[in-house]
Amino acid sequence: MTKMPKWADVILTPLISLVLAMAISALVILAIGESPMVALTTMIDGALGSSYGWGFTLYYATNFIFTGLAVMVAYHASLFNIGGEGQAAMGGLGVALVLLSLPLPHWALALPAAMIGAALFGAAWALIPAWLQAKRGSHIVITTIMFNFIAAALLNYVLVNLLRPVGSMDPASARFPDATHLPKLSDMALALGFEWGKNTPVNISFFVAVIACVLVWLLIWRSRLGFEIRAFGKSEPAALYAGINPVRITVIAMLISGGLAGLMAINNVMGEAERLVLNAVEGAGFIGIAVALMGRNHPLGVFLAALLFGFLYQGGGELALWTSIPRELIIVIQALVILFTGALDNMVRMPLERMFMALRKRGA
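Per chain, the residues get numbers from 1 upward, laid out in the order the sequence is written. Predicted model: local features are reported for residues with pLDDT of at least 70 only, side-chain atom pairs are reported and counted for 80 or more only, and whole-chain, interface and lining totals are derived from all residues. Note: side-chain values were computed over all heavy atoms of the structure, leaving out hydrogens and water.

Q: Would you mind showing me how to read the nonpolar core here?
A: Taken as a class, soluble globular proteins show a tendency for nonpolar side chains to be buried jointly. Remark: nonpolar core denotes a set of buried residues (Ala, Val, Leu, Ile, Met, Phe, Trp, Tyr, Cys) joined through side-chain atoms within 4.5 Å. We call a residue buried when its accessible area falls under 20% of the maximum for its residue type, exposed when it is over 50%, and partly exposed in between, using a 1.4 Å probe and counting protein chains only. Grouped together as the largest cluster of nonpolar side chains are 84 residues, with contacts concentrated most on Phe64, Leu69, Val95, Leu99 and Phe309. By definition, any uninterrupted DSSP run of H or I lasting at least four residues is a helix, any uninterrupted run of E lasting at least two residues is a strand, and each is numbered from the N terminus. In terms of residue count, helix H3 (residues 51-76) provides more of this core than any other element does, 12 residues in total. The contact criterion used is simple: two residues touch if any of their non-hydrogen atoms lie within 4.5 Å. Residues contacting leucine 99, with those up to four places away along its chain left out, are Leu104, Ala110, Ala114, Phe176, Pro177, Thr180 and Met270. With 19 residues, the next largest nonpolar core counts Val141, Phe232, Ile249 and Ile289 among its residues.

Set out below in structure tokens:
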């Protein structure tokens, strides 16, 4: 018998952790001489109070959905993929090479081609750490962190020496052809007869991210491969006894994870920048870890947590713009959310478990 209901584990525990993180954040804001209520209302108005704010919130959330799903899939195989940053960067390189090399006449053809390029490059960047973990016992955390730095250096070399247009001083690729530009949600709204999200970067890749959530749910909970991944993640000896190949599962789980992280590039590289630039990932690979943790490694939870962090990103920008509160405070808030939903999870979980056990005994 479980110590507390599933809904309490999935919803109540993260919610209490979030409230605690926000309460500590309010104390920090008070300590620097500012009003927590002013900060909160500024963030809500900036991120959710207009279609403009929603446009940026959903744009950031799209990035975090992909990287959160990447961490989630690896986690179910008991693998902690911290390489989302590098895998997403390599996914951007895959997108750029596809769109700059192939004469694609329409975005409807360019999008699936770019998705293939992004997923392949992201998966390829996860392959070596996966093989080292499976065959040599090299810890996946160490190798994926190292590959983040290698990806940054490699991307810098490729942009400066290979993809930079002649005569340009900017370490970036040429702009992608106009025919490959993804439609923005604001354009789609105009086509339907109303104005929404004008001058915001959110684009059709948001719907791709939502579809990815559904497909990952089907993979993990409704497929044989997903059962093998979860079985291996729960107990490697039991999986071996059941005939599951640990090398195969480790490599496949990391390939899927890297491919999902790489797919983020269709949003920030293809959809927003419309060219490949340095530091296009902007930390989204690391935020994906927090998103997966807070989302309890479930696609629905990842989606909701990505919306929260999208809100924090956009709200933080508005906070720095309209108040004297520094944007760095948002990093503090994010860190507190990660701290309470990750490292201090048991601080919330254990009292709740004791409470539900007491209620169950009293009811009996």
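Q: Explanation requested: helix H2 (residues 36-48) in the structure shown.
A: Since the α-helix advances by 3.6 residues per turn, residues separated by three or four positions end up pointing in the same direction. For H2, which comprises 13 residues, the first-to-last C-alpha distance of 18 Å matches the rise-based estimate of 18 Å (1.5 Å per residue) to within 8%. Those residues of H2 not exposed but buried are Ala39, Thr42, Met43, Gly46 and Ala47. Around the axis of H2, the buried residues are gathered within 110 degrees of arc, so they sit on the same side. Residues Met37 and Asp45 are exposed on H2 and point more than 90 degrees away from its buried face. Buried residues along H2 sit in contact with helix H1 (6-31), H3, helix H14 (299-322) and helix H15 (328-343). The span expected for a helix works out to 1.5 Å for each residue beyond the first. Working definition: the arc comes from the directions between the helix axis and the C-beta atoms, pointing outward to the latter.

Q: Would you explain the packing of aromatic side chains in this entry?
A: The relative placement of two aromatic rings is captured by the distance of their centres and the angle of their planes. Any two rings among Phe, Tyr and Trp, with Trp reduced to its six-membered ring, count as a pair given centres within 6.5 Å; such a pair is stacked if its planes are under 30 degrees apart, edge-to-face if over 60, and tilted if neither. In total, this model carries nine aromatic pairs according to the counting rule given. Where phenylalanine 56 meets tyrosine 60, the ring centres are 6.5 Å apart and the plane angle is 40 degrees; that geometry is what we call tilted. In this pair, phenylalanine 56 and tyrosine 60 both sit in helix H3, four residues apart, roughly one turn of the helix. When sorted by exposure, phenylalanine 56 lands in the same class as tyrosine 60, which is buried.

Q: Would you take a moment to explain empty space enclosed by the protein for this structure?
A: The method is simple in principle: a probe with the dimensions of a water molecule rolls over the atoms, and the space it marks as empty is what remains. Here a cavity denotes grid points, spaced 1 Å and computed from the protein atoms alone, that fit a 1.4 Å probe unable to get out, and a pocket denotes an open set having protein on both sides within 12 Å along at least 5 of 7 lines; residues with an atom within 4 Å of a point are the lining. Grid points are joined across faces, edges and corners, and a volume is the space filled by probe spheres set on the points. Enumeration over the complete set of coordinates arrives at one cavity of 30 Å³ or more. Considered as a void within the structure, the largest cavity measures approximately 40 Å³ in volume. Around the largest cavity, the lining residues are Tyr59, Tyr60, Asn63, Phe64, Val281, Glu282, Ala284 and Tyr313. Looking at the lining of the largest cavity element by element, the count peaks at four residues for H3. Classifying every residue of the lining of the largest cavity gives six nonpolar, one polar and one charged. When residues are grouped by polarity, Ala, Val, Leu, Ile, Met, Phe, Trp, Tyr, Cys and Pro land in nonpolar, Asp, Glu, Lys and Arg in charged, and all others, Gly among them, in polar.

Q: How should I be thinking about the environment of isoleucine 204 in this particular structure?
A: Residue placement: isoleucine 204 occurs in the loop between helix H7 (185-191) and helix H8 (205-222). Measuring from C-alpha to C-alpha, the distance between isoleucine 204 and arginine 248 comes to 34 Å, with 44 residues separating the pair along the chain. Other than its neighbours up to four places away in sequence, isoleucine 204 contacts Trp107, Leu111, Leu182, Pro183 and Leu185.

Q: What exactly am I supposed to notice about the packing of helix H4 (residues 84-101) against helix H5 (residues 107-136) here?
A: If you want to describe how two helices pack, look at the angle between their axes and the distance between the axes. With their axes 7 Å apart at the nearest point, H4 and H5 run at an angle of 140 degrees to one another. Taken together, the axis directions place H4 and H5 in an arrangement best described as oblique. The handedness of the crossing between H4 and H5 is right-handed. Facing Gly86, Gln87, Met90, Gly91, Leu93, Gly94, Val95, Leu97, Val98 and Leu99 of H4, the residues of H5 in contact are Ala110, Ala113, Ala114, Gly117, Ala118, Phe121, Gly122, Trp125 and Ala126. Within the contact of H4 with H5, the residues separate by chemical class into 13 nonpolar, six polar and no charged. For every element, the axis is a line fit to its C-alpha atoms; helices are fit only across the contacting stretch, and the angle between N-to-C directions ranges from 0 to 180 degrees. Roughly parallel covers angles under 35 degrees, roughly antiparallel covers those over 145, roughly perpendicular covers 65 to 115, and oblique covers all other angles. In this scheme, a crossing is called left-handed if the near helix is turned counterclockwise away from the far one by less than a right angle; it is called right-handed if the turn is clockwise.

Q: Help me out: how do you make sense of the pattern of salt bridges in this one?
A: Two side chains bearing opposite charge may form a pair once their charged atoms approach each other closely. Salt bridges, as used here, are contacts in which a Lys or Arg side-chain nitrogen is within 4 Å of a carboxyl oxygen on Asp or Glu. In total, this model carries four salt bridges according to the counting rule given. In this structure, glutamate 228 engages arginine 224 in a salt bridge whose closest nitrogen and oxygen atoms are separated by 3.6 Å. With a gap of four residues between them, glutamate 228 and arginine 224 both fall in helix H9 (residues 224-234), about one helical turn apart. Overall, glutamate 228 belongs to the buried group, its relative accessible area being 11%. Owing to a relative accessible area of 69%, arginine 224 belongs among the exposed residues under this scheme. The closest approach of N and O atoms between arginine 248 and glutamate 228, which form a salt bridge, is 2.9 Å.

Q: Is there a simple way to explain unusual backbone geometry in this structure?
A: A negative phi angle characterises most non-glycine residues, just as the trans form characterises most peptide bonds. A positive phi is found at asparagine 199, a non-glycine position, where the angle reads about 65 degrees. Along the chain, the position of asparagine 199 falls in the loop between H7 and H8. Since its relative accessible area comes to 61%, asparagine 199 is described here as exposed. Not every positive phi belongs to a glycine, and asparagine 297 is a case in point at roughly 55 degrees. Counting through the fold element by element, asparagine 297 comes out in the loop between helix H13 (284-294) and H14.

From the geometry alone we can't say anything about function, so treat these as descriptive.
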